Amino acid sequence: MEARDRTRPAAPAARRLSRLGPLLAAALSSALPGCVEAVTVEQAPPPPALGMNESRTLTLEFLRFDATGFAKTLTLEELKAIPRPTLEGIWLLDLDISTLIENALLKVMYMPPAEVAALPPASRNLVGLLNMTPENADLRGTSLEGLLGVGNAVGLPTSKILSDLTGAAANERLIPVQITSQAVLENLVSTHPNTQHRRGPANDEHPDGVYPVAPHSIPVTLYDVVTDFAGLAAQFGPTPLDPDDPDGAEHPGFIKAASGVKAALDDFTMTVRVDVNALPYKGIDATMADVASVNSTPGQIDTLFDFSQEDWLVLDNLNRNLSIGELTLAIPENAMLLPGGTSQEPAPRGNSPVWDQPLWEFEHILARAGELRAAQIEDHCTSYGPQGSSTSDFQPVEVCIDGTGWTKISVDDSVVVEEPAPSYFWDILLDVAQARLHDGGLGEGEANLEVTLRDVPVGVKTEDLVASIKKNLASDPAVLKDMALELNNNAAGDADFYLYQPSTESGVAGQRDYLYFVAPDDIRKDADGVRVRDYAYESPGFFSDPALEKKVSTTEEIDGDALHEKVEVKAGDTLYFADDEGHRYEITIGDKPSPHRLSLTLTRIQ
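Report follows, based on the coordinates. (Residues numbered from 1 in each chain as written. Predicted model: local features only at pLDDT ≥ 70, side-chain atom pairs only at ≥ 80, totals over all residues. Heavy atoms only, no water.)

Before going further, it helps to examine the environment of Gln309. Positionally, Gln309 belongs in the loop between strand S14 (290–294) and strand S15 (313–318). A residue is classified by how much of its surface remains accessible, and Gln309, at 41% relative accessible area, is partly exposed. Expressed as a C-alpha distance, the spacing of Gln309 and Gly69, which sit 240 residues apart in the sequence, is 9.8 Å. (Helix = DSSP H or I, 4+ residues; strand = E, 2+ residues; numbered from the N terminus. Buried < 20%, exposed > 50% of the residue type's maximum accessible area, 1.4 Å probe, protein only.)

Encoded structure:
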């Protein structure tokens, strides 16, 4: 086991008021007259560590400074100063981006001609595909090219066949934007690892700290809000499919670049109201055989916020119209031509190789859009006679589609054209779309799509955003634990245990004394939000024997705390424990110098 640094960082000769913790300092500052000067306290150098069989008598105090309904307002700059891991750990909501994706597709569809002309060839072709109608569909080079010959032979326009087949008007898009958006969400967005899971506090339901993300959503943290979503491209760009195998297969991502997102305005503020004992707990750092301070906030997290009050959290000056100033979406294509299927088996999709390709590739997305569109088409058969003839019973063309999407176009032998092979509706769409995607001489594998869009609305109202944030935080206040620690950062030293006096019915502590063994949340953090040491205790808690076989501490709930190993102590009691370096100690409880003080003798025995 690697021993922690036994030397304590040198403390300044004078500790001023602010060292008590930002929240307590603010509370005291508001309570004291403005003319009172800051208090300074000289700090003595730490005593030497204990050797084998050496003892030291120490005194612990239990004091309270209860701040009830205390409001702490943080500016945007103050929030940005909080360590990044802390901000990233505060999950606010899963933001449904269905409207964002649909808005992005609409931006592509209605892009001005001058901007379309400036696009790369593949992206230019995408604009045409999204706007494809029965009237403008180009069937050259596809399995439906023979229908062009039908038109020449009997005067039957292919637009009429496509219109009747799909139930779309001549100038109505063959695939509505809502269906395209759904296919993109299902196949591209929802398959990205970072839209499937997010990190959160470990608990009984999520012992690994991994939480599912709501469908069609991206997780949003406080870090995203205060940095204007600066990490969108990194978070939703190329990512290993297996987080535990960074060199394995990757998801290509769907956001190539994003900028100009203004979530929090420059005068944004976040105000929280807390009910808290702002003073730290006094404990013993056995390695140093000295008194240390443990931040009291983790044990109060369940009572810290009064969620019954509407103003427990106030977010002021969020952007009213959340949008992305510039967004580049990317969709890869398969490097091969993927033919449509020619068989109804295997049901229900047929034998096209497209279904075996990665979900996020353009061809698979297209096929899925066709499948969704086919589900909206009622099964029917339509026969067509020569146009312009009102008396002939000759109907050389019949188009049928059944409830499974299987489509058959029959052409009379007298019309000398090649009859299309029967296939599913999505196979027809895939065939046509692949041909048009490569217009302009693009080869297979050269039509990866990238489209940069500007001013894309996210599609969520600010008031709905705030309501979701407050609801989610209230349902799981543990996500605010690290931020609460920052607001009341008053830990000093590395205690192994501390003194706690439970409240009585009258609200007065001091009647009973407990020793609490530190939990992982009690390990203090450095300025970057990183814990200064591992929680390396092999046998946390207190025991009645030097061999640490008979534990006498429990995690019974006291004042809402069911996290810490704890044991009630009285004068003359003897306990044993091991520190995080594996050294064992004996504790002998002494007298109480006063109601809120407890003396004890610490002896190193191994």
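On to the pairing of strand S22 (residues 497–500). What you see with S22 is no split at all: Phe497 and Leu499 on one side and Tyr498 and Tyr500 on the other are buried throughout. The pairing of strand S13 (residues 281–285) with S22 spans two bridges and is classified as antiparallel. Among the inter-strand pairings, Ile284 is bridged to a residue of S22, identified as Phe497. Note that S22 and strand S23 (residues 513–517) share four bridges and pair antiparallel. Bridge pairing in S23 places Tyr500 opposite Tyr514. (Pairing = 2+ DSSP bridges.)

Taken together, the three strands give an open sheet; going across it, the order is S11-S16-S21, and neighbouring strands pair in antiparallel fashion. The open sheet terminates on both sides in strands that have one partner only, identified here as strand S11 (255–259) and strand S21 (449–461). The sheet shows a mean angle of 30 degrees between the axes of neighbouring strands, taken without regard to direction. Looking at chain direction, S11 and strand S16 (residues 321–331) are connected through four bridges and run antiparallel. Among the inter-strand pairings, Ala257 is bridged to a residue of S16, identified as Thr328. (Axes fitted to C-alpha atoms, helices over the stretch in contact; angles between N-to-C directions.)

Oppositely charged side chains can pair when the atoms bearing their charge come close. Counted according to the given criterion, the structure contains 24 salt bridges. With a shortest N-O distance of 3.7 Å, Asp494 and Arg533 are connected by a salt bridge. Of this pair, Asp494 sits in the loop between helix H15 (481–487) and S22 while Arg533 is found in the loop between S23 and strand S24 (566–569), placing the two residues 39 residues apart along the sequence. A salt bridge links Arg512 to Glu568, with the shortest nitrogen-to-oxygen separation between them at 3.0 Å. With Arg512 in the loop between S22 and S23 and Glu568 in strand S24, this residue pair connects regions lying 56 residues apart in the sequence. A residue is classified by how much of its surface remains accessible, and Glu568, at 30% relative accessible area, is partly exposed. Within this structure, Asp138, Arg140, Arg436 and Asp439 form a network of salt bridges that share partners. (Salt bridge = Lys/Arg side-chain N within 4 Å of Asp/Glu carboxyl O.)

Core analysis: the biggest nonpolar cluster contains 122 residues, and Leu79, Ile97, Leu222, Met270, Leu473 and Met483 have the highest contact counts within it. Among the elements that make up this core, the one with the highest residue count is helix H13 (residues 425–437) (eight residues). The contact partners of Leu473, leaving out residues within four places of it in the chain, are Ile90, Trp91, Leu92, Phe307, Trp312, Leu313, Val479 and Leu480. Membership of the second largest hydrophobic core comes to 33 residues, among which are Tyr281, Tyr498, Leu598 and Leu600. (Core = buried A, V, L, I, M, F, W, Y, C linked by side-chain atoms within 4.5 Å. Contact = heavy atoms within 4.5 Å.)

Attention now goes to the side chain of Asp545. Its location among the elements puts Asp545 in the loop between S23 and S24. Buried charge without a partner: Asp545 forms no salt bridge, and the closest opposite charge is Lys550, 6.1 Å away. Sequence-distant contacts of Asp545, that is, excluding residues within four places in its chain, are made with Lys550 and Tyr576. (Lys, Arg positive; Asp, Glu negative; His and termini not counted.)

Further remarks concern the state of the cysteines. Counting across every chain of the model gives one disulfide. Between the sulfur atoms of Cys381 and its disulfide mate Cys400 the distance is 2.0 Å. A torsion of 120 degrees about the S-S bond marks the disulfide between Cys381 and Cys400 as right-handed. With Cys381 in strand S17 (residues 380–384) and Cys400 in strand S18 (residues 397–401), this pair connects stretches of sequence that are 19 residues apart. (Disulfide = S-S within 2.5 Å.)

Before going further, it helps to spend a moment on the packing of aromatic side chains. Applying the stated criterion across every chain yields a total of 21 aromatic pairs. On the numbers, 5.6 Å between centres and 85 degrees between planes, the contact of Tyr281 with Tyr500 is edge-to-face. Pair noted here: Tyr281 is in strand S13 and Tyr500 is in strand S22, with a separation of 219 residues, a long-range link. The two residues Tyr281 and Tyr500 agree in class, both being buried. One aromatic cluster is present, built from ring pairs that chain together Phe497, Phe517, Tyr535, Tyr537, Phe542, Phe577 and Tyr585. Seen from the ring of Trp91, Arg198 lies directly overhead, with NZ or CZ sitting 3.7 Å from the centre. Directly above the aromatic system of Trp355 lies the positively charged group of Arg349, at a separation of 3.9 Å from the ring centroid. (Phe/Tyr/Trp six-rings, centres within 6.5 Å; stacked < 30°, edge-to-face > 60°. Lys NZ or Arg CZ within 6 Å of the ring centre and 35° of its normal.)

A separate point is helix H4 (residues 98–109). Count 3.6 residues to each turn of an α-helix, and residues three or four apart come out pointing the same way. For H4, which comprises 12 residues, the first-to-last C-alpha distance of 17 Å matches the rise-based estimate of 16 Å (1.5 Å per residue) to within 8%. The complete set of buried residues in H4 reads Leu100, Ile101, Asn103, Ala104, Leu105, Val108 and Met109. Summarising the contacts, the buried residues of H4 are in contact with helix H6 (121–130), helix H9 (177–189), S16 and S21. (Expected span 1.5 Å × (residues − 1).)

Let's shift gears to the sheet that holds strand S19 (residues 406–411). What the four strands build is an open sheet, ordered S17-S18-S19-S20; its pairing is antiparallel. Every interior strand has two partners, whereas the edge strands, S17 and strand S20 (423–424), have only one. Both S17 and S18 contribute to a ladder of five bridges, which runs antiparallel. Along S18, the bridge assignment pairs His380 with Ile401. Sitting on the sheet, helix H8 (residues 158–166) is in contact with S17, S18 and S19, with an inclination near 160 degrees to S17.

Residue Pro346 is reached from Glu345 by a cis peptide bond, and omega for that bond is -5 degrees. Following the sequence through the fold, Pro346 ends up in the loop between S16 and helix H12 (362–374). At the junction of Ala347 and Pro348, the peptide bond is cis and its omega measures out at 5 degrees in the coordinates. Position of Pro348 relative to the elements: it lies in the loop between S16 and H12. Within the chain, Asn53 stands out as a residue other than glycine whose phi angle is a positive 65 degrees. With respect to the secondary-structure elements, Asn53 resides in the loop between strand S2 (41–42) and strand S3 (55–61). Residue classification places Asn53 among the exposed positions, given a relative accessible area of 59%.

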